[in-house]
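Take a look at the letters that make up each chain.
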Amino acid sequence: MPASAFMQTLAAGGPLDHTLDKILFGSETFGLTMNTLTLILGFGLYLWFMTVVAKAIAVGPESEGNERYLTKGRLAQMVEVLVLLMRDQFIRPQLGEQTNKFLPFLLTLFFFILVNNLLGLVPLLDIQHLIGSAWGDPGFALIGGTPTGRITTNAALALIAFIIWTQAGIKSNGIVGWLKHFMAGAPWYVAPIVIIVEVIGMLVKPTALTIRLFANMTAGHVLLAALIGFSGLSFYGFLGDGFTWGGLGGSLGITVVSLVSAILIFFLEVFVAFLQAFVFTFLTT
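In this text, all values refer to a predicted model and were calculated from it rather than measured experimentally.

## So, the overall build of the protein
Stage number 1. Counting its secondary structure elements, the protein contains 8 helices and 2 strands.
Stage number 2. Put simply, the protein runs from its N terminus to its C terminus through helices and strands in the order α-β-β-α-α-α-α-α-α-α.
Stage number 3. Put simply, the protein has 285 residues, and 35% of those count as buried.
Stage number 4. Across the protein, every contact between residues at least 6 apart in sequence was considered, and the portion connecting residues at least 24 apart equals 69%.

Now the structure itself:
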């Protein structure tokens, strides 16, 4: 394999390559991009994943006896535990009697974000770069990146949440009661200041949801790509300088430290994928 292809695979060509979008055809405004295609893939995987899990959790035929009430498979059991944990420990204490009303949306939000977060940890870009290097195009890629590392995706999710909680507030309190909350119980003579602050606060919430998820997904992937890239740069830098025992020791040392650090960061990224899906859902709740 050419050194350039290996460097591309190890992200040594630039850590930001794993976070930038790429136009496949059309224009930037009206066209299909790599991140859009990846988001479609993530949505398809989400539907398949939840369909399989739902069938495993659903009550089986009477011929199975009491076992028809048992969830089949470790994956479905893990999902069931997550659903019960989210419902009983985090959503119900916040929403009370309205839990069942909003539970489908909140769980959909949680698992959709989770699936797309985890999809971003699959080295789809690197695999395509290796394939493309066979015909002289190490930058070849059709899908890749993290759908939730795209700020427009997160903004769309936050906008949906904003519309739902605004509609719920108006429906529960009436339009007059909902408008009164902008005063926050303050005297009328401070209304100009209080209303401005409340409106800003209302708009900051979806903005914070968007930026928090985007920043966490992007930063982790840049750090991971940079650490793996160090090993590639060190190894090929040593080959370019010629063989010396001192150079070999230094290159191996940097490579080992970089790869071990990358492995640890990868497991941290798996944790962050779950954590950010939970944070987005909990704050929406």
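## Overview of the side chain of Arg-68
Stage number 1. Within the secondary structure, Arg-68 sits in the loop between helix 2 (34–57) and helix 3 (74–95).
Stage number 2. Side chain to side chain, Arg-68 and Tyr-69 meet in a polar contact 2.8 Å long.
Stage number 3. Those residues in contact with Arg-68 that sit more than four places away from it in its chain are Ala-58, Val-59, Gly-60, Pro-61 and Glu-62.

## Side note on the packing of helix 2 against helix 3
Stage number 1. Interhelical geometry of helix 2 versus helix 3 gives an angle of 90° and a closest axis separation of 9 Å. Judged by the inter-axis angle, helix 2 sits roughly perpendicular to helix 3. Of the residues in helix 3, those touching helix 2 at Phe-49, Val-53, Ala-56 and Ile-57 are Leu-75, Ala-76, Val-79 and Glu-80.
Stage number 2. Looking at the contact of helix 2 with helix 3 residue by residue, the class counts come to 7 nonpolar, no polar and 1 charged.

## Points about the layout of surface pockets
Stage number 1. Taken as a whole, the largest pocket holds about 420 Å³ of empty space.
Stage number 2. Lining the largest pocket are 16 residues, and of these Trp-165, His-181, Gly-201, Met-202 and Lys-205 sit closest to its centre.
Stage number 3. Mapped onto the lining of the largest pocket, the elements with two or more residues apiece are helix 6 (151–180), helix 7 (191–241) and helix 8 (245–284).
Stage number 4. It is helix 7 that contributes the most residues to the lining of the largest pocket, 7 residues altogether.

## Some thoughts on the packing of aromatic side chains
Stage number 1. Scanning the entire structure with this criterion turns up 10 aromatic pairs.
Stage number 2. For the pair Phe-43 and Phe-112, a centre-to-centre distance of 6.4 Å together with 65° between the ring planes defines the contact as edge-to-face. Here Phe-43, found in helix 2, pairs with Phe-112, found in helix 4 (residues 99–119); they are 69 residues apart in sequence, far enough to count as distant.
Stage number 3. Overall, Phe-43 belongs to the partly exposed group, its relative accessible area being 42%.
Stage number 4. When the ring of Phe-90 is compared with that of Phe-278, the centres are 4.7 Å apart and the planes differ by 65°; the resulting orientation is edge-to-face. Remark: Phe-278 occurs in helix 8 and Phe-90 occurs in helix 3; sequence separation between them is 188 residues.
Stage number 5. Residue Phe-90 is classed as partly exposed on the basis of its relative accessible area, which comes to 26%.
Stage number 6. Connected via pairs of aromatic rings, a cluster forms that spans Phe-43, Tyr-46 and Phe-112.

## Looking at the packing of helix 2 against helix 4
A packed helix pair is summarised by two numbers, namely the angle formed by the two axes and the spacing between the axes.
Stage number 1. In the contact formed by helix 2 and helix 4, the axes pass within 9 Å of each other and the chain directions differ by 120°. Regarding the angle of helix 2 to helix 4, the classification is oblique. Judged by the twist between their axes, the crossing of helix 2 over helix 4 is right-handed. Contacts between helix 2 and helix 4 involve Thr-38, Leu-39, Leu-41, Gly-42, Phe-43, Leu-45, Tyr-46, Phe-49 and Met-50 from the first element and Thr-108, Phe-111, Phe-112, Val-115, Asn-116 and Leu-119 from the second.
Stage number 2. By residue class, the composition of the contact of helix 2 with helix 4 is 11 nonpolar, 4 polar and no charged.

## Describing the pattern of salt bridges
Stage number 1. The tally for this structure, following the rule as stated, stands at 3 salt bridges.
Stage number 2. Among the salt bridges present, the one from Arg-92 reaches Asp-88, with a minimum N-O distance of 3.4 Å. Here the residue Arg-92 and the residue Asp-88 both occupy positions in helix 3, the gap between them amounting to 4 residues, near one helical turn.
Stage number 3. Within the structure, one salt-bridge network assembled from shared partners comprises Arg-87, Asp-88 and Arg-92.

## Digging into helix 6
Stage number 1. For helix 6, spanning 30 residues, the distance from its first C-alpha to its last is only 32 Å, which falls clearly below the expected 44 Å at 1.5 Å a residue.
Stage number 2. In the structure, helix 6 departs most strongly from a straight axis at Gly-174, where the bend amounts to approximately 110°.
Stage number 3. Along helix 6, the positions that sit buried rather than exposed are Thr-153, Asn-154, Leu-157, Ala-158, Ala-161, Phe-162, Thr-166, Ala-168, Gly-169 and Trp-178.

Calculation rules
- Residues numbered from 1 in each chain as written.
- Predicted model: local features only at pLDDT ≥ 70, side-chain atom pairs only at ≥ 80, totals over all residues.
- Heavy atoms only, no water.
- Helix = DSSP H or I, 4+ residues; strand = E, 2+ residues; numbered from the N terminus.
- Buried < 20%, exposed > 50% of the residue type's maximum accessible area, 1.4 Å probe, protein only.
- Contact = heavy atoms within 4.5 Å.
- Polar contact = N/O pair within 3.5 Å; in protein donor to acceptor, adjacent residues only side chain to side chain.
- Axes fitted to C-alpha atoms, helices over the stretch in contact; angles between N-to-C directions.
- Parallel < 35°, antiparallel > 145°, perpendicular 65-115°, else oblique.
- Nonpolar A, V, L, I, M, F, W, Y, C, P; charged D, E, K, R; others polar.
- 1 Å grid on protein atoms, 1.4 Å probe; cavity = no way out; pocket = protein on both sides within 12 Å on 5 of 7 lines; lining within 4 Å.
- Points joined across faces, edges and corners; volume = space filled by probe spheres on them.
- Phe/Tyr/Trp six-rings, centres within 6.5 Å; stacked < 30°, edge-to-face > 60°.
- Left-handed = near helix turned anticlockwise from the far one by under 90°.
- Salt bridge = Lys/Arg side-chain N within 4 Å of Asp/Glu carboxyl O.
- Expected span 1.5 Å × (residues − 1).
- Bend = angle between axes of the 7 residues up to and from the residue.

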